[in-house]
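Next come the chains, spelled out residue by residue.
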Amino acid sequence: MRAYQVTSFDAPPRLAEIAMPEPAAGEIRVRIAACGLNFADLLMMKGEYQDTPALPFVLGMEVAGLVDAVGADVTGFQPGQRVAVFGGRGGLAEYGCFPADRAVVLPDTMGWRDAAAFQIAYGTSHVALDHRAHLTSGETLLVLGAAGGVGLTAVEIGKLMGARVIACARGRDKLRAAHEAGADHLIDATDTDIRDAVRALGGADVVYDPVGGAQFDAAFRACRPEARILTIGFASGEVPQIKANHLLVKNLTVMGLYWGGYLGFRPDVLTQSLRILMEWHRQERIRPHVSHALPLDEAEAALALLRDRRSTGKVVIEIADL
């Protein structure tokens with residue numbers, strides 16, 4: 001089968017012919033229809049992600065497709081079922097084997113492209129805003145990187161939860177995407193002082209930050225007393241340093257959110273969140289924004305879209321027409 005494989009952290013991944021995997025006990029094999037790309041894939045291919053597997057490995061953290069075979073001790077799944085899986089790796093291939101307990105059966109209303117773009121982006125934002133920050137109706141939510149894969153979902157979910165949403169992104173096209181997702185106020189990070197702009201709007205109760213660096217510092221200074229700051233990632237490449245005395249003065253809370261980490265200690269948090277999100281999708285209250293869908297042969301170009309920040313929402317690799 002064909003797979004986009006990382007064989008060295010010092011060389012780019014390559015499309016290769018590798019043996020089709022066989023499902024071990026507790027696993028299902030999936031014929032993959034589509035795979036959603038994430039910023040973490042860029043870190044993983046350089047060996048810089050917290051869950052980077054041993055070499056060689058196949059990139060692609062989340063997939064959608066048909067169950068093709070089941071391993072021993074698997075119940076609740078059978079060949080032919082439509083599923084989405086957060087596997088953490090192995091998605092940029094024609095087939096993949098994944099733990100059955102990470103798979104969810106897809107509703108008939110969800111197509112392959114939406115399913116491949118759904119779990120990490122929506123799951124991260126929902127768990128962050130609901131479970132971690134306890135965002136409430138009427139609060140002001142500031143979303144940095146608001147046109148990215150997770151940023152757009154934070155805008156969308158924040159509005160569904162009743163917040164006033166301030167979206168911060170670079171350039172007119174990205175701000176347009178954030179506005180269409182429901183943002184009430186737009187800040188162009190290219191040429192605007194984020195701190196002053198947010199303060200002029202009354203400050204932020206919750207900050208959703210997948211960017212880090214200078215934008216974190218600006219948002220930090222624009223927080224209202226008792227604000228909660230969610231650190232989602234560091235797309236800027238710079239991990240901010242926090243002065244604890246500043247937390248004290250405004251009674252601020254800074255909290256981290258690594259969605260995949262819950263699989264190891266509170267999988268019920270993810271299960272309940274995905275149940276809610278799937279229902280919202282069925283009701284057409286949320287709709288994944290996929291700016292680019294490319295074939296497996298163009299995986300390198302697709303990753304470049306993420307690296308160069310030329311995409312909005314999600315980039316999806318379409319592998320098979322099932």
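Below or above, wherever it landed, is the structure these notes cover. (Residues numbered from 1 in each chain as written. Predicted model: local features only at pLDDT ≥ 70, side-chain atom pairs only at ≥ 80, totals over all residues. Heavy atoms only, no water.)

## Observations regarding the pattern of salt bridges
Okay, step 1: Tallied over the entire structure, the rule returns 17 salt bridges.
Okay, step 2: As a salt-bridge pair, Arg29 and Asp68 come within 2.5 Å of each other at their nearest N and O atoms. On the criterion of sequence distance, the pair formed by Arg29 in strand E3 (residues 27–36) and Asp68 in strand E5 (residues 62–70) is long-range, its members being 39 residues apart.
Okay, step 3: A relative accessible area of 10% places Arg29 in the buried class.
Okay, step 4: The exposure class of Asp68 is partly exposed, given its relative accessible area of 28%. (Salt bridge = Lys/Arg side-chain N within 4 Å of Asp/Glu carboxyl O. Helix = DSSP H or I, 4+ residues; strand = E, 2+ residues; numbered from the N terminus. Buried < 20%, exposed > 50% of the residue type's maximum accessible area, 1.4 Å probe, protein only.)

## What to know about the side chain of Ser311
Okay, step 1: Here Ser311 shows up in the loop between helix H11 (299–307) and strand E16 (314–318).
Okay, step 2: Beyond its immediate chain neighbours, meaning those up to four positions away, Ser311 contacts Ala147, Lys174, Ser291, His292, Leu305 and Leu306. (Contact = heavy atoms within 4.5 Å.)

## Some points on the sheet that holds strand E2 (residues 14–17)
Okay, step 1: Pairing in this open sheet of three strands is antiparallel, and the strands run E2-E1-E4 from one edge to the other. The strands lining the two open edges of the sheet, one partner per strand, are E2 and strand E4 (57–58).
Okay, step 2: In this structure, strand E1 (residues 2–6) lies alongside E2, joined through four bridges in antiparallel fashion. Residue pairing across strands places Tyr4 opposite Leu15, the latter belonging to E2. (Pairing = 2+ DSSP bridges.)

## Here we look at H11
Okay, step 1: Every buried residue of H11 is listed here: Ala299, Ala302, Leu303, Ala304, Leu305 and Leu306.
Okay, step 2: Structurally, H11 contributes buried residues whose contacts are with E1, helix H1 (39–44), strand E15 (290–295) and E16.
Okay, step 3: Remark: Arg309 follows H11 within two positions and exhibits a positive phi of approximately 55°.

## Side note on the sheet that holds strand E11 (residues 185–188)
Okay, step 1: The sheet built from six strands is open, its strands ordered E11-E10-E9-E12-E13-E14 with parallel pairing. Each having just a single partner strand, E11 and strand E14 (253–256) make up the two edges of the open sheet. Strand-to-strand, the axes of this sheet are offset by a mean angle of 15°, without reference to chain direction.
Okay, step 2: Inspection of the sheet shows strand E9 (residues 140–143) paired to strand E12 (residues 204–209) by three bridges, in the parallel sense. Residue Leu141 lies in a different strand from E12, and its bridge partner there is Val206.
Okay, step 3: On top of the sheet, helix H4 (residues 151–160) reaches E9, strand E10 (164–169) and E12; it is set at about 170° to E9, its chief contact. (Axes fitted to C-alpha atoms, helices over the stretch in contact; angles between N-to-C directions.)

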